[in-house]
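# An overview of the molecular structure
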Amino acid sequence: MGAETPALRVEGLWTGYDGRPALEDVTFSIERGCLAGLVGPNGSGKSTLLRTILGLQRPWRGQVWVFGGRPERRRLGYTPQTESIDWAFPITVFEVALMGRYGHLGLLRRPGKRDRQVAWQALERVGMADKARRRIQELSGGEQRRTLIARALAQEAELLLLDEPFAGLDAPVQHDLLHLFQDLAAEGKTLLVATHDLSCVATHFDHAVFLNRRVIAFGRLEEVLREDVLQETFQRHLLLLSRGGQIYAEHP
Ligand code: ADP
Ligand code: MG
């Protein structure tokens, strides 16, 4: 037994669609306080894996443990890929952040002063407090994504599962978000961030899971960021250049 129960442990996980596997025998663990990238090209199963951890997709086989126990939805902060969301009804940025508090409320209890405070602080952390009264439909994709991250923060979950949070953000906002993630990890939260953006992970993350239907490698970044791992994960989606003993990766 390890010294401490990992924040997340996935063992022998299989799932898929219409009888075709999207994940094959996926096994890895993430220690507490890690900022971990879930890295793979489009279609490699990243979103499927996060949804299966959350219980939104049924596993065919295998197990998931969150802090050594069964995954409970309210203990997991989650932001889906925003392309998968249909903002059907009018709701403000603040109301979305406040939704993060619902798991903390008892039956029929309305959000109180502290709930509103926590939601407000979460919006401040993602730089959305000045747009708190705006309707979510009126915002850019990047602002919607930051609002969803605020909702996950308002939940005060210890494990955050974030699906492509950088997609469509301009460089300065992406940079702020990366620093926020690093701060959260330093505060002891555990983050698993799905992204196809290898360079983001290579420069700012401390751990990674490389996925292409199977787990190619997982662990500390300096141990898994290797040419053979990148080649197997990205295959023709990545061009590797070797220059003076250093490996450079490019998305062709
Ligand atoms: P990623 O998030 O890495 O891009 P996904 O988990 O979205 O990968 O998809 C993994 C595989 O599962 C892909 O081949 C994709 O086409 C397939 N897939 C994902 N969602 C569905 C779905 N709802 N129905 C059928 N196939 C799906
Ligand atoms: Mg995806």
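In this text, all values refer to a predicted model and were calculated from it rather than measured experimentally. (Residues numbered from 1 in each chain as written. Chains lettered and ligands numbered in written order. Predicted model: local features only at pLDDT ≥ 70, side-chain atom pairs only at ≥ 80, totals over all residues. Heavy atoms only, no water.)

What follows is about the sheet that holds strand S5 (residues 76-79). Strand order across the open sheet formed by six strands is S5-S6-S7-S3-S8-S9, with mixed pairing between neighbours. Of all the strands in the sheet, just S5 and strand S9 (214-220) have a single pairing partner and so form its edges. Going across the sheet, the axis of each strand differs from the next one's by a mean of 15°, ignoring polarity. Sheet topology note: the strand S8 (residues 207-212)/S9 ladder contains six bridges and is antiparallel. Counterpart to Asn212 in the pairing with S9 is Arg214. Packed onto the sheet, helix H5 (residues 171-186) meets strand S3 (35-39), strand S6 (159-163) and strand S7 (190-195) and runs at close to 150° relative to S7. (Pairing = 2+ DSSP bridges. Helix = DSSP H or I, 4+ residues; strand = E, 2+ residues; numbered from the N terminus. Axes fitted to C-alpha atoms, helices over the stretch in contact; angles between N-to-C directions. Contact = heavy atoms within 4.5 Å.)

What follows covers the domain arrangement of the chain. Structurally, the chain comprises domain 1 (1-67 + 159-220) and domain 2 (79-157). The partner domain 2 presents 13 residues to the 20 residues of domain 1 that form the contact. The junction of domain 1 with domain 2 conceals about 1300 Å² of combined surface from both sides, 57% of it contributed by carbon and sulfur atoms. When the buried surface of domain 1 facing domain 2 is broken down by residue, Leu160, Asp163 and Leu180 rank first, second and third, together holding 29% of it. Our enumeration of links across domain 1 and domain 2 arrives at one salt bridge. One salt bridge connects Glu187 with Arg125, and the closest N-O pair in it is separated by 2.8 Å. At the surface where domain 1 touches domain 2, the tally comes to seven residue pairs in polar contact (both at pLDDT 80 or more). Secondary-structure elements contributing two or more residues to the side of domain 1 that touches domain 2 are S6 and H5. Ranked by residues supplied to the side of domain 1 that touches domain 2, first place goes to H5 with six residues. (Domains from an automatic or database assignment. Buried area = accessible area lost by both parts, 1.4 Å probe. Salt bridge = Lys/Arg side-chain N within 4 Å of Asp/Glu carboxyl O. Polar contact = N/O pair within 3.5 Å; in protein donor to acceptor, adjacent residues only side chain to side chain.)

Attention shifts here to the packing of aromatic side chains. Summed over all chains, the structure comprises three aromatic pairs. Ring centres 6.1 Å apart and planes at 55° place the aromatic pair Phe94 and Trp120 in the tilted group. Here Trp120 lies in helix H3 (residues 113-125) and Phe94 lies in helix H2 (residues 93-99), a separation of 26 residues in the sequence. Phe94 gets classed as buried once you look at its relative accessible area, which sits at 5%. For the pair Phe166 and Phe181, a centre-to-centre distance of 5.8 Å together with 50° between the ring planes defines the contact as tilted. Taken as a pair, Phe166 in the loop between S6 and H5 and Phe181 in helix H5 lie far apart in primary sequence, 15 residues in all. Residue placement shows Arg61 over the ring face of Trp14; its charged tip is 5.2 Å from the ring centre. Between the NZ or CZ atom of Arg133 and the centre of the ring of Phe94, over which it lies, the distance is 5.3 Å. (Phe/Tyr/Trp six-rings, centres within 6.5 Å; stacked < 30°, edge-to-face > 60°. Buried < 20%, exposed > 50% of the residue type's maximum accessible area, 1.4 Å probe, protein only. Lys NZ or Arg CZ within 6 Å of the ring centre and 35° of its normal.)

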